[in-house]
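Notes for the structure review
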Amino acid sequence: MDITDLMRRREGETSISTENLLFLVGDTTLDIGDMTVVREEEIIDVCVREEIVTTVEAKADPPEGKTCFDIDNYVITTDPKECRVDVSITCMDEEGTDCDEITAPTFKCNEGEVPDVLTFSYVGGGCGQSFNSQEDVCEDFDRVPSISSRVVCKKGDSTVLSSDTVTIGDKLTVANPISDNDLGEILVCDIFDTGDNELIQKLRIDTTELSLKDKYGSLVLESCDEKSCLVPITYTYDIRNIGTNEMDVTSLMRTRGDSSEDLIGLVDDTSLDVGQITFAAEMEDLDVCAEEDIKTTVRVEADPPSGIPCFDEEEYELSIDILPTSPPTDSPTEPPTSPPTDPPTEPPTDVPTSIDLKVTPIPTNPPTQAPSRPPTNSPTAPDSCRISVDITCFDEEGTNCDDIQNTQKQCVEPEELTFVYTAKRCDESFNAQDDRCEDFGNGPGSSAIIECRNLNLNVLTVNSVIVGDKISVPLNSNPLTNSISCTITSNNVVSQTLIMDTTALSLKDTFGSFRLERCDKQNCLVPITFTYGIENVGDNVMEITKVTRIRSSSEVNLIGIVENINIGVGESTVARETEELDVCVEVNVETRVEVEADPPQGSSCLSEDTYKLTIDVPATPPPTNLPTNPPTDPPFNPPTNQLTNDSPTEPPTSLPTDSPTEPPTKQPTDPPTDPPTEQPTDPPTEQPTEPPTDPPTEQPTDVPTSIVPKVTPIPTNPPTPPPTPPPTPPPTNSPTNPPTDPPFNPPTPSPSDAPSATPSFIDDPDRCNVKVGVTCNPSGESEDCGSIIVSRTRCEERPLAMVFKYNGGTCDQSDNIQPRELFSCFDFFGGPPTEPGVTSFIQVTDIKGGSIVYHAALVAVGEEYTVSAENLLQTLVFHSSCSQNLFLKDRYGASQLVVFVNEEQGVQSCFFNATYTITLENELNNEGTGAQAILSTLIGNVEVGNEEIAFDFTDQVNGRILAPESSYDGPPLTLDVVIDLTVVTNNQVTSFLTANSPKGFQCNDIDSLNFVTGLAPPPNIPTRSPTSTPTMSPAPTPDPEVTACALAPGILCQVRNGGGLLNCDNIAPPLNQDCTSLAPGILCQVRNGGGLLNCDNIAPPLNQDCTSGADIFELDFIYRGGGCTDNVVNCAGSAADADEVWITIESTAQNLLWNQITQRDDIINLRGIDEQMSVIIAMVEDGSRGAELLSYEILTNCTAEAGLSLKESYGALELVEFTTRENDIFIANAALADVLITYDIELQDGTSTKARIISVTSTGGLATGQITESYTPPSQPIGPRSRHIFGTESTTEECK
């Protein structure tokens, strides 16, 4: 019979598909008793409950007679038993009020009335910590109350109200045992030692003047009558089974502040069926008189009867806001009811009615200037290259950089201060205070221990720091922190002490080794991002070749951060650059970007854009009110206008009888459209250069009706722009009693520009201006490392030696032009693997007899590559004579020729040596001035492909001084590298330099160099030519008489094209008119599993738990975040919840297994495992390891004691794979597969005609929902040695 139809129908709950599978039938003709099989692969989601029915109907025709058919069906039912749990948090007080809505009481207990009940907290300590509005209420005797005491409280008439023994934290209630009686106006409390019953403290408290949180020696007032700071609240944790399987709740970990506790004992019912809910309730006392944010995190874990455990986390943030103190309802002082009795002595005959100030208007904020020149585009032409670039700038909150306002530098009632440790000495302090700073010995060192205390000598903060670290000091609006003292200890010796007034601080103030960086949310440094949008506005595809950003004297090529350098018509791409903007100084900086691109044919095109960023710092604002009493005689140096910060030294004796007749003039509603072309001739802020020489000796008889002050011409440097509000006009009636003398002590201005951790955009004559540069010098004849010629050099003479790179892989990757009779390759058992780390035995012999062995040893891919010697994985035969077209970089199966040596060409290699050189300079600023630069640090990193190597020249440059306009001339700052040209590699070097000027200003610079190697041009393969006629050796002339004439005429025919595949006997029409011999490829790799996993066997792990006792070869974790768990040891610190942290992992044998920045959900691959490993998780600060957050240890052996289990959390890490080794057998147990898919195209084997790719599409995904994606074709044709990668895709799949 002949099978004529094979119809398959598949029906699920969400989809139906029908398809004829006849094309899959291998043999459609069947004899009697024969059979054939059709196989179809499908992906089924076993995590969804579903019934899938597959029906197949086959039809067949015999040579004679009727058609026959048959039908069969197959049913698949998926019933997942999934563990999913959900937890939520609620918080209520006893009256059912949500905790977020609980309000704080007023602190005042009563208005002169005596309370009935008081509640105190016992905190221990002496009278020195008292804090209340009463006087002489506490007295200590010999020693102070400690952990436990007996407290006896009585009325002023000695009636005992309470007598209790308490320990620190206990509550003490004082009430009159006689009903309806109060406590009396005086409460006396005696505190006795519980050991010898000696009186150690006496308190005398006025009960009519009480406020909540008053502290009286060892007692703190918590409540009075119904008014209380402590509110009982209940946290309720609701736990719900939202999965499809029953479960047991195994853990309920609650974290609040630094405290973590497992509340599993409070869970009402730990066994939950599907859909059931349970809860745990926790009671606390909430202190509503303390303004703070309380964060509660809860994590619930549950186990199903079988399968993988599950967990869920929830957070609850509780904020308490203290109501501000109400202002007094009545003015404290009554204004005068009548004018002063004494009029001014001899006023002028005619009083001036007004005073006019001549002020040229200055725009408050000049309009943003347009780019200096518009983007330049190449002329429009058919298939032209045209590109456009646009610059935008925003901060982290999405505010346009032009709209960012400068930050007020004066700190206003700060709750918390943040300093940067600079290790500076006291004589480098720069602030407006009469601060007290004292150095000891050599002063602060590069590392120190900082301890700061309040006025009561209570410790506020203790930190171990190095230069550049931040120090946070909490103040909490406590009067005891109006002044703080800090001790800096270096090498166990006090090196500096500081005392600071926290009520008079400005950002950038420096106090010895401290620089104030932030007070609460006030911060000078604002992170901003420049985005350079690049668009192809022409009608041809293009490749972006250069993106140059120019800012001040800095010029950087940003091609390395462009998201996509190949863009089609109408497509766009971006490059983003992050900076820190100093908003505490005036900013006027211009950023220009130039973009260049190349089309496949034709001329390059370019475009540019400019962005000007301006931030104006307003002048110091004038006083709100003018002095009420101006002098009758003008001061010797009168101000030219009312814009001054000077105030009289003595206040006026009385208020003016009349208020000003006119209100201040309103500011213009519309700003000027254009900035002024000239500076104002009469700026209001300048003082006159000369005072009036002689004040009038007599009162004038006629006074002009207006006075125009004399204003000095504008100085060379323009004055600070005036504040936005205009000056308030003075009162029309002069006050009666002026001060006798003019002001003489103007207030000391706060520093306008203290040293900054980040260079601002404004030049300063005392600021250094360092520059760092990175260059690459290659060996050989190339001018720079970015122009290395990677030619496929042809071997012109038989080689004396050859070096091959062992890449692994099958014969399919062979890339050479040797004829098939000279080159052959055969794979066995799937061919050599490609995963680095396992060695193979390679033997090289002569082809004729095999008796000459050139090489016989284990060879590694990069490092090592292992298989058993008896497993023959691949054999290959090729011709190594240079007459048979041998080229550098030829691939022969798993081996690639990377070096050959012969007498004619010498050494030809795929590797080259390069030297990176770092240069340092100290340049002048834009004003033509400069300062010495004292070099501090020089660090950076070298990136070669995916490998990153850090370097640090700090020890070499630290302390060296560069004068202005000089360069570093010390020991060379060089790095030697070897670059492999057999692979396409992105190479980048980044260097960061910091320095300080003698006056404490910090300057820094960064430079990077980026280039790509391994991009070889199309091979220049010479055309085969006829072999020269051999030259014969001279012979004696034969005797013509005895020697016969024997001629041998010959005709030699050769075809010189076709790459040696054509000859004169087979000149025939081509097999294909069009080039269709393309081989698109999809390569799927699993990057974890130690080479034991591939995309065809992503299956559930054989073992969930590691208890076999086998050696552990590899462990893979994922950083998820979190705190201490029960399965780790020696855990200390707080939870690590940041999206980016620095993780250091070290084995017991001190093998460093991991030490780098790690993002949330990153896979951490660890090898070199022994019995135990330590984990340290720290913050990331400025790209380096910062303060430690969490540390613990994990047992890493395959035993029940260690308890290693997949998907289990070990602190902040989740275990997702363990690979064991026993008797040289490796077994990978993975819960997740890290999959990399590569999409590429090349010519099929044996094809030599180049192909131009017109369009590329890829269709894939689930059978029920295929997705089609288009790729940009390569700009150059695909040749016999070319392979173009369209893109890669990475994903993490759960093994199931």
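Keep in mind that what you see is a predicted model, and the values were worked out from it rather than measured.

This paragraph deals with the pattern of salt bridges. Tallying each qualifying case throughout the model produces 33 salt bridges. Of the charged contacts, one joins Glu577 and Arg551 as a salt bridge, the two residues approaching to 3.7 Å between their closest N and O atoms. Here Arg551 lies in strand 35 (residues 542–551) and Glu577 lies in strand 38 (residues 572–582), a separation of 26 residues in the sequence. Arg551 shares its class with Glu577; the two are buried. When salt bridges that share partners are traced, they join Arg8, Arg10, Glu19, Glu40 and Glu42 into one network.

In this structure Glu577 comes out as buried when scored by relative accessible area, which is 10%. Reaching out from Glu577, the side chain makes a polar contact with the side chain of Tyr532 at a distance of 2.8 Å. Discounting residues that sit within four places of it in the chain, Glu577 has contacts with Ile528, Thr529, Phe530, Tyr532, Arg549, Arg551 and Leu558.

Further remarks concern unusual backbone geometry. One non-glycine residue with positive phi stands out, namely Lys213, at about 75°. Secondary-structure assignment places Lys213 in the loop between strand 12 (199–206) and strand 13 (215–216). Its identity is not glycine, yet Asp225 carries a phi of approximately 55°, on the positive side. Its place among the elements puts Asp225 in the loop between strand 14 (219–224) and strand 15 (227–228). The class of Asp225 is partly exposed, set by a relative accessible area of 38%.

A separate point is the pairing of strand 10 (residues 171–175). Only one face of strand 10 is covered, namely the face carrying Leu172 and Val174; the face carrying Lys171, Thr173 and Ala175 is uncovered. Summarising the sheet, strand 6 (residues 117–122) and strand 10 pair through 5 bridges and their orientation is antiparallel. Its bridge partner lying in strand 10, Thr119 is registered against Thr173.

All right, on to the side chain of Glu1217 then. Examined against the element boundaries, Glu1217 turns out to sit in strand 69 (residues 1213–1222). Although buried, Glu1217 forms no salt bridge, and the nearest oppositely charged side chain, Arg1167, lies 7.2 Å from it. Within the structure, Glu1217 has its side chain in polar contact with the side chain of Thr1219 (distance 2.9 Å).

Criteria and thresholds
Residues numbered from 1 in each chain as written. Predicted model: local features only at pLDDT ≥ 70, side-chain atom pairs only at ≥ 80, totals over all residues. Heavy atoms only, no water. Salt bridge = Lys/Arg side-chain N within 4 Å of Asp/Glu carboxyl O. Helix = DSSP H or I, 4+ residues; strand = E, 2+ residues; numbered from the N terminus. Buried < 20%, exposed > 50% of the residue type's maximum accessible area, 1.4 Å probe, protein only. Polar contact = N/O pair within 3.5 Å; in protein donor to acceptor, adjacent residues only side chain to side chain. Contact = heavy atoms within 4.5 Å. Pairing = 2+ DSSP bridges. Lys, Arg positive; Asp, Glu negative; His and termini not counted.

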